[in-house]
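Given next are the chains, with one letter for each unit.
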Amino acid sequence: MRAPSQSSRKIMIVVFASAHLVFLVFGMLPTRWRDRIQVSSVFNLYERVTRCHQLWNMFETIPNMHRTEARLIVQERGQKPKEVGMVLPGLRRFSQHDQVRLNNWLVNVIFNPTRGVFRESYMKSAAETLLRTGRYGPRTQVSLEVIPAYTRSLLGVRELKEIAVERPSVLGPFKLETLVAKKTPVQSTP
């Protein structure tokens, strides 16, 4: 009696492993090619369900980004904007050795259009930290300024004599009181 159940289990494992292998091969194709194939919607659904979306830009000859900078800008009414820090607790700057971590955070959270919840959460946390310092009032405005420098093509570098082009983007400005007011209270569990 056991033989049929073990054999059906083996068949299911082989089918799943084969389907996953096909998905991996499909995932290695350039995005513009994948989107033209009729079954791309099935594989996009598979990516969402299994959360195994891959970015294959690490094999490109020239990296997409030359460098990335990000900073919180605070502006009080009637005063010049000033930079106050970044992501880490206490609004400390990222160390030079942590640039990979900063780049991954920016690419996966800030630039990813499906991750708005994380952007909002970060801005709320930053607003709370700024208010906690006691140096800023609730009507102070805060923005997240992200400055990625995208690498030019080799022809662009040769002709324009510059390695990268900056494309800054700003998230905000938001009033600190507005960001903190959006925070939902956490229910305590008994």
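The rules behind these values
Residues numbered from 1 in each chain as written. Predicted model: local features only at pLDDT ≥ 70, side-chain atom pairs only at ≥ 80, totals over all residues. Heavy atoms only, no water. Helix = DSSP H or I, 4+ residues; strand = E, 2+ residues; numbered from the N terminus. Buried < 20%, exposed > 50% of the residue type's maximum accessible area, 1.4 Å probe, protein only. Areas by Shrake-Rupley, 256 points an atom, 1.4 Å probe, with all protein chains shown as cover. Contact = heavy atoms within 4.5 Å. Salt bridge = Lys/Arg side-chain N within 4 Å of Asp/Glu carboxyl O. Core = buried A, V, L, I, M, F, W, Y, C linked by side-chain atoms within 4.5 Å. Patch = residues over 30% accessible without salt bridge, like charges linked within 9 Å, V, L, I, M, F, W, Y side chains within 5 Å. Arc of directions from axis to C-beta. pLDDT = per-residue confidence, 0-100.

To continue, consider the overall build of the chain. Of regular secondary structure, the chain possesses 7 helices and 5 strands. For the chain, the proportion of its 190 residues judged to be buried stands at 25%. Accessible surface, the chain as shown: approximately 14100 Å² in total, 58% of it carbon and sulfur.

Before going further, it helps to spend a moment on the environment of Val-170. The residue Val-170 is located in strand E5 (residues 169-175) in this model. Distance in space between the C-alpha atoms of Val-170 and Leu-144 is 5.7 Å, their sequence separation being 26 residues. In this structure Val-170 touches Ser-143, Leu-144 and Glu-145, once residues within four positions along its chain are discounted.

With that settled, the discussion passes to the pattern of salt bridges. Using the criterion set out here, one finds 3 salt bridges in the structure. A salt bridge links Arg-71 to Glu-145; the shortest N-O distance between them is 2.7 Å. Here Arg-71, found in strand E1 (residues 65-75), pairs with Glu-145, found in strand E3 (residues 141-151); they are 74 residues apart in sequence, far enough to count as distant. Assessed through its relative accessible area of 21%, Glu-145 is described here as partly exposed. Notably, a salt bridge pairs Glu-177 with Arg-139, separated by 3.8 Å at the nearest N-O pair. Here Glu-177 is found in helix H7 (residues 176-181), whereas its partner Arg-139 is found in the loop between helix H5 (116-133) and E3, with 38 residues between them in sequence.

Attention now goes to the environment of Ala-126. In this fold, Ala-126 is placed in helix H5. Distance in space between the C-alpha atoms of Ala-126 and Gly-85 is 9.6 Å, their sequence separation being 41 residues.

To continue, consider the nonpolar core. Judged by nonpolar contacts, the single largest core of 19 residues is most densely connected at Trp-105, Leu-106, Tyr-122, Val-142 and Leu-144. Looking at this core, the elements with two or more residues in it are E1, helix H4 (99-110), H5, E3 and H7. The next biggest cluster of nonpolar side chains, apart from the first, holds 5 residues, and it includes Phe-23, Phe-26, Phe-43 and Tyr-46.

With that settled, the discussion passes to a nonpolar patch on the surface. Judged by side-chain polarity, Leu-21, Val-25 and Met-28 come together as a nonpolar surface patch covering roughly 310 Å² of accessible area. The residue Leu-21 is located in helix H1 (residues 2-27) in this model.

In this section: helix H3 (residues 40-50). Residues of H3 that are buried: Ser-40, Phe-43, Tyr-46 and Glu-47. Projection of H3 onto a plane perpendicular to its axis shows the buried side chains occupying an angular sector of 115°, all on one side. Turned more than 90 degrees away from the buried face of H3 sit Val-42, Arg-48 and Val-49, all of them exposed. Just past H3, the residue Arg-51 takes up positive phi, approximately 55°.

The next thing to look at is unusual backbone geometry. A cis amide bond links Gly-172 to the next residue, Pro-173, at an omega of 10°. Checked against the element boundaries, Pro-173 lands in strand E5. Residues other than glycine seldom take positive phi values, yet Lys-161 does so here, at roughly 60°. We classify Lys-161 as exposed; its relative accessible area is 69%.

Right, let's talk about the confidence of the model for the chain for a bit. Of all residues in the chain, 78% attain a pLDDT of 70 or more, and the chain-wide mean is 76. When the criterion is pLDDT under 50, residues 184-190 qualifies, and its contacts beyond four places in sequence or with other chains add up to 0 contacts.

Mapped onto the elements of the fold, Gly-156 is located in helix H6 (residues 154-160). The class of Gly-156 is buried, set by a relative accessible area of 13%. In this view, Gly-156 contacts Lys-161 and Glu-162; residues no more than four positions away in its chain are not counted.

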